[in-house]
Amino acid sequence: MTTGHVSTNDNTDIFFKDWGSGQPVVFSHGWPLTADAWDDTMMMVADNGFRGIAHDRRGGGRSSQPWDGNDLDHYADDLAAVIESNDLHDVILVGHSTGGGEITRYVGRHGTDRVAKMLLVGAIPPLMLKTDQNPEGTPIEVFDQLREGLTADRSQFYEDLSAPFFGANRPGSHVSQGVRDDFWEQSMTVGLKGAYDCIEAFSETDLTADLQAIDVPTLFIHGDDDQIVPFADASKKAVKIVKDAELKVYPGAPHGLFATEKDKFQKDVLDFLRS
């Protein structure tokens, strides 16, 4: 196992962890987390003959916290810096939530010359925000409430957010307090400015054209009880935009299904990597 940093064009340092060897599987995490959200899946990947690489998005974790550049374009370019600095080819991109938007925008800006496959999990594309052209989206007031909660008391905000994120507010939930505590701990390493700006990035960025640019095998996985990125407004639409893409819906699963449905999720990931 190794870790390191790469420097971007705007002199932002991006931390990454690099486990195992073989075909590279590059992970992009969701908001407001860090690369550590992928540890379970990274270990599974490395144990099965692949090379797992995950980075902390700018603004949090062990990466720099620049005042500017907390948007999907910079996120995608930071991902490109990780890929290019490690001279990665035949890459399988995996993105959860905002990370799904990140890998989609990466293709829109950098193409698929280095990409073999893509896996989007509970991902934000094509567009979360309700607009005249996207009437099924989420109203801006919902995202304004996120901003208000974040700036009022971010520690309590993250503790509260962990409930819908993992479906702990649903009857019969078995998510542990430890999983929710880990969410809080990761989130608290993210700078307030980066976390705040990212709300606009993940909610208001239209990724339709970027989805249309995807020309590699693509799989969408989404829980149909996702309270953070509603399935009907996201993967259900996105899969129709990407040519020949596939969709797996997890009945009753929440946004953080990589933790709550870990065994099923890891099997589906490994099957996709090997396909």
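Up top is the structure.
K.L.:
Can you explain the pairing of strand β5 (residues 91-96)? Please cite residues and give values.
P.N.:
Buried residues dominate β5, accounting for 6 of its 6 residues. Alternating positions in β5 separate into two faces, Val91, Leu93 and Gly95 on one and Ile92, Val94 and His96 on the other, with burial throughout. Bridging between strand β3 (residues 23-28) and β5 involves 4 bridges; their strand directions are parallel. Of the residues in β5, the one forming a bridge with valine 25 is isoleucine 92. Pairing between β5 and strand β6 (residues 115-121): 6 bridges, direction parallel. Across the sheet, residue valine 94 finds its bridge partner in β6, namely leucine 119. Once you follow β5 into helix α3 (residues 98-110) and on to β6, the crossover reads as right-handed.

K.L.:
Please give an account of the sheet that holds β3 that cites residues and values.
P.N.:
What the 8 strands build is an open sheet, ordered β1-β2-β4-β3-β5-β6-β7-β8; its pairing is mixed. Each of the sheet's edge strands pairs with one partner strand only, and the pair in question is β1 (2-7) and β8 (246-250). Strand after strand, the sheet turns through a mean of 20 degrees between neighbouring axes, direction not considered. Pairing analysis gives 4 bridges linking β6 to strand β7 (residues 218-223), with the strands arranged parallel. The residue of β7 that forms the bridge with methionine 118 is threonine 218.

K.L.:
Outline the pattern of salt bridges, supporting the account with residue identities and numerical values.
P.N.:
This structure, assessed with the given rule, holds 20 salt bridges. A salt bridge links arginine 109 to aspartate 77; the shortest N-O distance between them is 2.9 Å. One end of the pair, arginine 109, is in helix α3; the other, aspartate 77, is in helix α2 (residues 72-85), with 32 residues separating them in the sequence. As a salt-bridge pair, aspartate 87 and arginine 114 come within 3.7 Å of each other at their nearest N and O atoms. Within this pair, whereas aspartate 87 is found in the loop between α2 and β5, its partner arginine 114 is found in the loop between α3 and β6, the two being separated by 27 residues in sequence. Because the salt bridges share partners, they merge into one network encompassing Lys17, Asp36, Asp39, Asp56 and Arg62.

K.L.:
Account for the side chain of threonine 138, naming residues and giving values.
P.N.:
With respect to the helices and strands, threonine 138 occurs in the loop between β6 and α4 (140-152). Under the relative-accessibility criterion, threonine 138 is labelled buried at 13%. Not counting chain neighbours up to four residues away, the residues in contact with threonine 138 comprise Met128, Leu129, Lys130, Phe143, Pro230 and Asp233.

K.L.:
So what about helix α6 (residues 177-187)? Which residues, and what values?
P.N.:
Here α6 has its buried residues at Arg180, Phe183, Gln186 and Ser187. All buried residues of α6 lie within an arc of 125 degrees about the axis, which places them on one face of the element. Where α6 is buried, its residues meet α5 (154-166).

K.L.:
Account for the packing of α2 against α3, naming residues and giving values.
P.N.:
As a packed pair, α2 and α3 sit with axes 8 Å apart at the nearest point and diverge in direction by 75 degrees. With respect to α3, the element α2 is oriented roughly perpendicular. Residues Leu72, Asp73, Tyr75, Ala76, Asp77, Leu79, Ala80, Ile83 and Glu84 of α2 pack against Thr98, Gly101, Glu102, Ile103, Arg105, Tyr106, Arg109 and His110 of α3. Class assignment for the residues of the contact of α2 with α3 results in 8 nonpolar, 3 polar and 6 charged.

K.L.:
Explain the packing of α4 against α5 residue by residue, including any values.
P.N.:
Between α4 and α5, whose axes approach to 5 Å, the crossing angle comes to 130 degrees. By the angle between their directions, the pair α4 and α5 is classed as oblique. Between α4 and α5, the residues in contact are Leu146, Gly149, Leu150 and Ala152 and Arg154, Phe157 and Tyr158, respectively. Of the residues contributing to the contact of α4 with α5, the split by class is 5 nonpolar, 1 polar and 1 charged.

K.L.:
Quick rundown of the environment of aspartate 263? Include the residues and the values.
P.N.:
Tracing the sequence through the fold places aspartate 263 in helix α11 (residues 262-274). The spatial distance from the C-alpha of aspartate 263 to the C-alpha of threonine 41 is 9.8 Å, given a sequence separation of 222 residues.

K.L.:
Explain the nonpolar core residue by residue, including any values.
P.N.:
Residues Val25, Phe27, Trp31, Leu119, Phe202 and Phe265 are the most contacted members of the largest nonpolar core, which totals 53 residues. Not counting chain neighbours up to four residues away, the residues in contact with phenylalanine 265 comprise Trp38, Thr41, Val121, Ile221, Tyr250, Leu257 and Phe258. Core analysis: the second largest hydrophobic core is formed by 29 residues, Val91, Ala123, Ala238 and Val242 among them.

The rules we used
Residues numbered from 1 in each chain as written. Predicted model: local features only at pLDDT ≥ 70, side-chain atom pairs only at ≥ 80, totals over all residues. Heavy atoms only, no water. Buried < 20%, exposed > 50% of the residue type's maximum accessible area, 1.4 Å probe, protein only. Helix = DSSP H or I, 4+ residues; strand = E, 2+ residues; numbered from the N terminus. Pairing = 2+ DSSP bridges. Right-handed = clockwise from strand over helix to strand, strands pointing away. Axes fitted to C-alpha atoms, helices over the stretch in contact; angles between N-to-C directions. Salt bridge = Lys/Arg side-chain N within 4 Å of Asp/Glu carboxyl O. Contact = heavy atoms within 4.5 Å. Arc of directions from axis to C-beta. Parallel < 35°, antiparallel > 145°, perpendicular 65-115°, else oblique. Nonpolar A, V, L, I, M, F, W, Y, C, P; charged D, E, K, R; others polar. Core = buried A, V, L, I, M, F, W, Y, C linked by side-chain atoms within 4.5 Å.

Fair warning: the whole summary comes from geometry, so function is off the table for now.
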